[in-house]
Amino acid sequence: MSRIEKIWLNQQFPEFKMSNEDGQQVSSTSLIGNWSVIFFYPKDETPGCTIQAMTFAKYHDAFVAFNCQVIGISSGTQESHKQFQCNSNLPYSLLIDKKSTLRHNMELGKTLGRIPKRVTFITDEMGVIRYIFDSQFAVKTHAAKALSFLKTNSNNYQF
């Protein structure tokens with residue numbers, strides 16, 4: 001079990017309030033009522049992040065079928081997020097983690113001391129973290145692992 005899993009697995013996703021690519025405020029209360037896949041990525045428009053984001057977009061309908069929303073988070077600006085969303089045809093919101101505040105509060109860390117870690121969380125309908133995938137380089141695998149978890153476990157948590 002990774003350090004991040006030891007800290008966060010089966011814990012409530014931390015409270016947050018951030019703007020998305022359209023300037024709309026999104027808060028942690030938006031996680032209540034449906035499953036959520038929240039993926040932290042290093043930077044808009046970079047090769048690995050584009051592949052990761054487009055893989056989540058490719059399987060977006062499958063996530064929706066599980067009553068699951070997809071949310072991307074990085075420290076990019078509203079303009080860079082909007083451009084990234086348009087260029088990559090992303091059907092989900094990208095939240096602006098100004099100064100990486102949420103990333104720091106969650107102790108996600110950096111790879112090689114420089115690159116913000118790439119971590120995916122799945123929360124249940126009550127906002128409790130049920131799955132974490134932490135891999136900087138398996139960019140296509142984040143969406144596949146998330147979907148596999150939902151297929152196997154989304155009915156195991158009844159409220």
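This text goes with the structure placed above it.
Residues numbered from 1 in each chain as written. Predicted model: local features only at pLDDT ≥ 70, side-chain atom pairs only at ≥ 80, totals over all residues. Heavy atoms only, no water.

1. Quick notes on the overall build of the protein chain
Right, on to step 1. For the protein chain, the count of helices and strands is six helices and nine strands.
Right, on to step 2. Whereas a compact globule of 159 residues would reach a radius of gyration of roughly 15 Å, the protein chain reaches 14 Å, a difference of no more than 12%.
Right, on to step 3. Across the 159 residues that make up the protein chain, the buried fraction comes to 50%.
Right, on to step 4. Looking at the protein chain alone, contacts between residues at least 24 apart form 67% of all its contacts between residues at least 6 apart.
Right, on to step 5. Of the roughly 8,000 Å² that the protein chain leaves accessible, carbon and sulfur atoms contribute 51%.
Right, on to step 6. Side chains of the protein chain carry 17 positive and 13 negative charges; the gap between the two charge centres is 7 Å. (Helix = DSSP H or I, 4+ residues; strand = E, 2+ residues; numbered from the N terminus. Rg over C-alpha atoms; globule rule 2.2 N^0.38 Å. Buried < 20%, exposed > 50% of the residue type's maximum accessible area, 1.4 Å probe, protein only. Contact = heavy atoms within 4.5 Å. Areas by Shrake-Rupley, 256 points an atom, 1.4 Å probe, with all protein chains shown as cover. Lys, Arg positive; Asp, Glu negative; His and termini not counted. Charge placed at Lys NZ, Arg CZ, Asp CG, Glu CD.)

2. Some words on the nonpolar core
Right, on to step 1. In terms of nonpolar packing, the biggest core is built from 23 residues, with Val37, Phe56, Phe63, Tyr92 and Ile122 touching the most fellow members.
Right, on to step 2. For this core, the secondary-structure elements that each account for two or more residues are strand E3 (35–40), helix H2 (47–58), strand E4 (68–74), strand E9 (129–134) and helix H6 (141–153).
Right, on to step 3. Here this core gets five residues from one element, more than from any other, and that element is H6.
Right, on to step 4. The contacts of Tyr92, once residues within four sequence positions are left out, are Phe39, Ala53, Phe56, Ala57, His60, Val70, Gly72 and Gln85.
Right, on to step 5. Counting residues in hydrophobic clusters, the runner-up holds 19 residues, among them Met18, Val26, Ile73 and Ile132. (Core = buried A, V, L, I, M, F, W, Y, C linked by side-chain atoms within 4.5 Å.)

3. Thoughts on the environment of Lys151
Right, on to step 1. By the secondary structure assignment, Lys151 is in helix H6.
Right, on to step 2. Put simply, Lys151 and Phe63 are 88 residues apart on the chain and 9.6 Å apart in space, counted from C-alpha to C-alpha.

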